[in-house]
Amino acid sequence: MAQVAYNKAARVFGGTPPVRAVDGLDLTVDDGEFLVLVGPSGSGKSTALRMLAGLEEIDEGGVQIGDVDVTTMPPKSRDIAMVFQSYALYPHMTVAENMGFALKLRRIHKQEVRRRVEEAAELLDLTSYLDRKPKALSGGQRQRVAMGRAIVREPSVFLMDEPLSNLDAKLRVETRANIASLQRRLGTTTIYVTHDQVEAMTMGHRVAVLADGVLQQCETPRELYERPANAFVAGFIGSPAMNLRTVPLTPEGAELDEVSIPVPRAVTSGRSDDSEITIGIRPESLHLVSSEEGSLPLQVELVEELGADCLIHGRTLTSTNRDPLIIRGDGRTPPTPGETVNVAVRDLEEIHLFDAGSGERLAS
Amino acid sequence: MNVEAPDQRLSEKPRAEKPAEPAEAEGTRRKRKREGAAWVFLSPWLLGAAVLTLTPMLVSLYLSFTEYDLFTAPEWVGLDNYVHMFTEDPRYWRSAVNTLVYVLVAVPLQLAAALAAALALNSIGRGKGFYRSAFYAPSLLGASMSIALVWRALFNDGGTVDDLLSSFGVNMGGWVNQPGWALLVVALLTIWQFGAPMVIFLAGLQQIPGELYEAAEVDGAGRLRRFRSVTLPMLSPVLFFNLVLQTIQAFQVFTPAFTVSGGRGGPADSTLFYTLYLYDRGFTASHMGYASAMAWVLLVVIGIVTALLFRSSRSWVFYNDKG
Ligand SMILES: Nc1ncnc2c1ncn2[C@@H]1O[C@H](COP(=O)(O)OP(=O)(O)OP(=O)(O)O)[C@@H](O)[C@H]1O
Ligand SMILES: [Mg+2]
């Protein structure tokens with residue numbers, strides 16, 4: 001168990017032009033913490049993880065595990081265990097041999113290896129498969145073997161790169177919970193890579209959002225949801241995504257089509273009259289109202305019924321925006337497509353404001 | 001090995017595991033139709049095999065029970081040829097032992113060279129194509145006489161190697177002329193023709209997922225250990241394929257010995273290989289019946305050896321046909 005730190009770590013892939021896959025990453029993961037690295041495809045999540053594992057060179061800065069600077073150490077000296085997306089089980093070894101391989105290499109006594117393998121198998125419900133080869137296992141079982149291989153090592157850090165992406169949706173939800181509770185029980189520092197923001201929000205103590213190799217924000221799931229640091233994080237975290245609109249800023253506030261949304265003085269001051277601002281409203285911060293007063297008339301294009309809720313996709317009559325506005329409505333009284341409804345913001349506090357140029361969060 | 005038994009069974013029936021067709025009858029009908037098409041496409045080859053291979057083989061089986069000098073009609077002698085071969089012909093046994101020694105020396109060395117070259121090629125990024133061709137070249141040239149002649153020039157009495165060694169005060173005379181060394185020289189000559197197994201090894205190496213090596217590295221396996229615990233088992237089907245192919249070929253070694261010794265298997269019969277002796281009996285001494293019997297014994301021996309290899313493969317060849 002140990003704290004993990006990236007110190008301005010960067011990985012640059014050669015080529016023309018060179019790709020800064022991970023750029024100046026500064027991140028500290030506390031002892032025993034479950035940190036999720038999330039971001040769109042190609043944002044450098046895997047690269048960041050592999051840098052810590054020692055499978056990827058570190059071109060600038062360094063990484064630290066515990067008190068040790070491991071920047072130039074080979075993987076085996078770093079005391080980490082990794083779970084790969086493909087699981088990377090040794091196909092010619094049995095489940096038990098797969099799980100015990102690392103211990104065997106460390107010359108740990110056979111009986112001790114057996115004991116630890118059986119213990120982990122018990123934990124993962126794999127006891128009856130110990131003598132099977134991976135090809136005779138289901139996807140979920142293989143995934144658990146990959147976990148088991150990491151657990152028996154009793155490493156100071158677990159690294160997992162999209163370990164659930166090969167499972168079907170139902171199994172993924174189940175396994176997600178299992179991994180989270182297992183981590184809590186073992187208390188091992190864990191870095192978990194995923195591109196699925198639902199996984200990120202449900203599993204991580206903290207979630208680090210990457211975009212183009214740059215860390216955008218690292219916070220608790222709640223904080224990320226409530227106070228995204230910039231428009232990228234705001235749009236990435238939350239499902240369905242936050243409605244983001246860049247609109248003109250007037251003395252009355254932000255002009256979202258026909259309605260003005262009041263903007264705190266702290267935000268307007270110092271901005272010229274014809275400037276723009278990006279406002280963000282989550283689908284759940286909008287609701288349908290009966291009065292036209294102060295509300296936005298919206299033509300309904302599509303209704304996605306989810307049971308308890310429904311997602312209403314609609315456009316204002318004067319809208320020039322490509323993306324529809326999405327509202328989370330009551331599942332029992334969904335509007336019909338083609339209908340015109342009135343939409344209002346539940347609470348002005350729930351509106352997020354971002355700089356139209358830099359995308360940075362403004363004021364509170 | 002007991003533990004592996006159920007898996008073995010699994011690995012042997014991958015075809016049966018293909019998703020079952022919903023309409024069983026419809027499925028079999030379509031399958032039969034496809035099989036019919038396969039036979040049609042195979043027919044030219046089957047015809048060729050029947051005319052060009054099977055018929056001569058059957059004729060030679062008949063001839064092996066006769067005395068036949070190519071000019072007069074074959075004369076039935078029963079098992080005489082076989083009896084003579086096994087009990088009264090020391091040169092026959094000499095040729096058999098020579099061939100066996102050759103197989104035991106050349107095949108492992110050739111496969112090792114092929115694997116080493118493939119590993120080297122697999123690890124370099126640039127110029128792979130060039131080196132691949134460069135390593136393959138001896139296999140193409142090796143089949144021709146020229147390379148054997150060059151080897152003769154190198155290893156003969158007064159050849160380059162001899163000269164070189166003499167200048168260091170080692171006086172061996174011609175290498176090919178020494179009964180003790182000649183077989184080894186011929187074996188060496190053929191090791192250079194590792195191009196074909198190398199290319200197959202290379203293809204096998206490129207199939208091994210990189211994540212397996214990374215997993216092993218994280219697990220603490222060094223280079224050698226990764227080779228032993230990842231490369232070799234993952235490569236074992238390819239290794240087995242090459243082993244069978246090269247063994248069968250080695251039993252039939254002919255050209256190098258023929259060129260190096262001028263077709264006589266000298267010096268002192270030390271490079272008298274089985275096929276060379278067979279050729280000698282059949283075409284030089286005109287005992288076609290005897291040569292045919294030799295050919296059939298060779299065929300049976302190769303068959304037995306191949307069967308043994310297949311039997312052994314169950315314990316060391318790993319087929320990863322699923323996942
Ligand atoms: N070996 C490499 N050589 C060159 N560029 C690379 C290499 N590996 C990764 N990259 C580049 O680095 C960037 C980050 O890649 P990385 O695999 O870390 O993304 P990721 O966030 O894991 O994406 P995904 O969700 O698709 O797995 C990408 O632009 C990718 O093209
Ligand atoms: Mg990735």
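Along each chain, the written sequence defines residue order, and numbers are assigned to residues from 1. Here every chain gets a letter starting at A, and every ligand a number starting at 1, in the order they are written. Whole-chain, interface and lining totals are the exception, using all residues; otherwise, since this is a predicted model, local features are given only for residues with pLDDT of at least 70 and side-chain atom pairs are given and counted only at 80 or more. Values shown for side chains rest on all heavy atoms present in the structure; no hydrogens or waters enter the calculation.

## Some details on the overall build of chain A
Then, in step 1: Comment: elements are numbered from the N terminus, with helices defined as DSSP H or I runs of at least four residues and strands as E runs of at least two. What chain A contains, in helices and strands, is nine helices and 20 strands.
Then, in step 2: If you line up chain A on its principal axes, its C-alpha atoms span 75 × 45 × 35 Å.
Then, in step 3: Expressed as a percentage of its 364 residues, the buried residues of chain A come to 53%.
Then, in step 4: Contact criterion: two residues are considered in contact whenever any of their non-hydrogen atoms come within 4.5 Å of each other. Long-range pairs, those at least 24 residues apart, make up 66% of the contacts in chain A with a sequence separation of at least 6.
Then, in step 5: Surface accessibility of chain A: about 16,400 Å² in total, with carbon and sulfur atoms responsible for 48%.
Then, in step 6: When the 39 basic and 52 acidic side-chain charges of chain A are each reduced to a single mean position, those positions are 12 Å apart. Partly exposed residues are those whose accessible area sits between 20% and 50% of the maximum for their type, while under 20% is buried and over 50% is exposed, using a 1.4 Å probe and protein chains only. Method for areas: the Shrake-Rupley scheme with a 1.4 Å probe, in which residue coverage is limited to the protein chains shown. When charges are counted, Lys and Arg contribute as positive and Asp and Glu as negative, whereas His and the chain ends are disregarded. Taken as the charge centre is NZ of Lys, CZ of Arg, CG of Asp or CD of Glu, depending on the residue.

## Points about the pairing of strand E10 (residues 214–219) of chain A
Residues and elements named next belong to chain A.
Then, in step 1: Across five bridges, the pairing between strand E9 (residues 206–211) and E10 is antiparallel. The partner of Leu210 across the bridge, within E10, is Leu215.
Then, in step 2: Counted along the chain from E9 to the antiparallel partner E10, the turn is two residues long, and its residue Asp212 has a positive phi close to 50°. Between any two strands, pairing holds if DSSP finds at least two bridges.

## Details of the packing of helix H2 (residues 95–105) of chain A against helix H3 (residues 110–124) of chain A
All names here are of chain A.
Then, in step 1: Following both chains from N to C, one finds H2 and H3 inclined at 135°, their axes separated by 9 Å at the closest point. By the angle between their axes, H2 is oblique relative to H3. Two packed elements cross with a definite hand, and for H2 against H3 that hand is right-handed. Residues Ala96, Met99, Gly100, Leu103 and Lys104 of H2 form the contact with H3, whose participating residues are Val113, Arg114, Arg116, Val117, Ala120 and Ala121.
Then, in step 2: Broken down by class, the residue content of the contact of H2 with H3 amounts to seven nonpolar, one polar and three charged. Helix axes are fitted to C-alpha atoms over the stretch in contact, other axes to C-alpha atoms as well, and angles between N-to-C directions run from 0 to 180 degrees. Roughly parallel covers angles under 35 degrees, roughly antiparallel covers those over 145, roughly perpendicular covers 65 to 115, and oblique covers all other angles. Handedness of each helix crossing follows the sense of rotation of the near helix against the far helix: counterclockwise by less than a right angle gives left-handed, clockwise gives right-handed. Polar here means any residue other than Ala, Val, Leu, Ile, Met, Phe, Trp, Tyr, Cys and Pro, which are nonpolar, and Asp, Glu, Lys and Arg, which are charged; Gly is therefore polar.

## Things to note about the interface of chain B and chain A
Then, in step 1: Counting residues at the interface gives 26 residues for chain B, matched by 28 residues for chain A.
Then, in step 2: Here's the idea: put two parts together, see how much 1.4 Å probe accessible area each one loses, and the total over both is what we call buried area. Taken together, both faces of the contact between chain B and chain A bury some 2,400 Å²; the carbon and sulfur share is 60%.
Then, in step 3: Going through the elements one at a time, helix H1 (5–11), helix H10 (210–218) and helix H11 (223–251) of chain B are the ones with two or more residues in the side of chain B that touches chain A.
Then, in step 4: Per-element tally for the side of chain B that touches chain A: the top contributor is H10 of chain B, with seven residues.
Then, in step 5: Split into classes, the residues belonging to the side of chain B that touches chain A amount to twelve nonpolar, five polar and nine charged.

## A short note on the UniProt feature "domain: ABC transporter" (unreviewed entry) in chain A
Then, in step 1: UniProt positions are given in the numbering used here, feature names are shortened, and annotations may be inferred rather than shown by experiment. UniProt records the feature "domain: ABC transporter" (unreviewed entry) at residues 4–237 of chain A, using the numbering of this structure.
Then, in step 2: Structurally, residues 4–237 of chain A is divided into 37% helix and 26% strand, and its ends, taken at the C-alpha atoms, are 24 Å apart.

## Digging into the site of ligand 1
Residue and element names in this part refer to chain A.
Then, in step 1: Neighbouring residues of ligand 1: Phe13, Ala21, Pro40, Ser41, Gly42, Ser43, Gly44, Lys45, Ser46, Thr47 and Glu162.
Then, in step 2: For ligand 1, an oxygen atom lies 2.8 Å from a polar atom in the side chain of Lys45.
Then, in step 3: In the analysis that follows, any N or O atom pair within 3.5 Å is treated as a polar contact, provided that within protein one partner can donate a hydrogen and the other can accept it, and provided that, for residues neighboring in sequence, both atoms belong to side chains. Within the side chain of Thr47, an N or O atom sits 2.5 Å from an oxygen atom of ligand 1.
Then, in step 4: Protein coverage of the free-state accessible area of ligand 1, which is 630 Å², stands at 59%.
Then, in step 5: The element contributing the most residues to the shell around ligand 1 is helix H1 (residues 45–53), with three residues. Definition of nearness: a residue and a molecule or strand are near each other if at least one heavy atom of the residue lies within 4 Å of the molecule or strand.

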